[in-house]
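An overview of the molecular structure
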Amino acid sequence: MDDKDIHAKIDALVEEEHALRNASEHTDEQRARLKQIEEDRDQLWDLIRQRDAKRQYGNDPDEAQPRPEPQVESYLQ
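Right, let's walk through the structure included here. Everything numeric here is computed off the predicted structure, so don't read it as measured data.

**Observations regarding the overall build of the protein**
Within the protein, the secondary structure is distributed over three helices and zero strands. In sequence order, the protein lays out its α and β elements as α-α-α. Across its three principal axes, the protein shows a C-alpha extent of roughly 50 × 25 × 20 Å. A buried classification covers 26% of the 77 residues belonging to the protein.

Take a look at the structure:
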C-alpha cells in the first residue's frame with residue numbers, strides 16, 4: 001500500500017465518520033463503528049508518519065508496518 005492508497009482510505013473513513021456523526025440519533029452499532037473508524041484512522045496516520053520518517057532517513061517506506069491499535073491509541077497528543 002502506498003501513500004496515495006493510505007490517504008484514500010483515510011479520506012473514506014473521514015467521509016463515513018462525518019455521515020455517521022450527522023445522524024440525528026446514534027445506535028450502539030453506530031457508536032461502535034465510530035470508535036472503530038477513529039482507531040483505524042489513527043493507525044493509518046501513524047503508518048503515514050512511519051513511512052515519512054523512513055523516507056527522511058533514507059530507508060524504504062514500504063518497510064513500515066501498521067502498529068497495534070492499543071499502541072497507537074496510547075500515544076500522547
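**Describing the nonpolar core**
The biggest cluster of nonpolar side chains holds 10 residues, and these are I6, I10, L13, L20, L34, I37, L44, L47, I48 and A64. For this core, the secondary structure elements donating two or more residues are helix 1 (3–21) and helix 2 (28–56). No other element matches helix 2, which puts five residues into this core. Setting aside residues no more than four positions away along its own chain, L44 makes contact with I6, K9, I10 and L13.

**A short note on the pattern of salt bridges**
Considering all chains together, one arrives at 11 salt bridges under this definition. A salt bridge links D62 to R51; the nearest nitrogen and oxygen atoms lie 3.1 Å apart. Of this pair, D62 sits in the loop between helix 2 and helix 3 (69–73) while R51 sits in helix 2, and the two are 11 residues apart along the sequence. Each of the salt bridges in this network shares a partner with another, and the network as a whole consists of D3, R51, D52, R55 and D62.

**Thoughts on the environment of I37**
Here I37 lies in helix 2. As a C-alpha pair, I37 and H18 span 19 residues in sequence and 11 Å in three-dimensional space. Look past the residues within four positions of I37 in its chain and what remains in contact with it is L13, E16, E17 and L20.

**Topic: helix 1**
The first and last C-alpha atoms of helix 1 sit 27 Å apart over 19 residues, in line with the 27 Å expected at 1.5 Å per residue. Turning to helix 1, its buried residues are D3, I6, I10, L13, E17 and L20. Down the axis of helix 1, the buried set is contained in an arc of 115°. They therefore lie on one face. Facing away from the buried surface of helix 1 by more than 90 degrees, the exposed residues are K4, D11, E15 and A19. For helix 1, the elements touching its buried residues are helix 2. One side-chain oxygen at the N-terminal end of helix 1 lies 3.2 Å from the backbone nitrogen of K4; it belongs to D2.

How each quantity is defined
Residues numbered from 1 in each chain as written. Predicted model: local features only at pLDDT ≥ 70, side-chain atom pairs only at ≥ 80, totals over all residues. Heavy atoms only, no water. Helix = DSSP H or I, 4+ residues; strand = E, 2+ residues; numbered from the N terminus. Buried < 20%, exposed > 50% of the residue type's maximum accessible area, 1.4 Å probe, protein only. Core = buried A, V, L, I, M, F, W, Y, C linked by side-chain atoms within 4.5 Å. Contact = heavy atoms within 4.5 Å. Salt bridge = Lys/Arg side-chain N within 4 Å of Asp/Glu carboxyl O. Expected span 1.5 Å × (residues − 1). Arc of directions from axis to C-beta. Polar contact = N/O pair within 3.5 Å; in protein donor to acceptor, adjacent residues only side chain to side chain.

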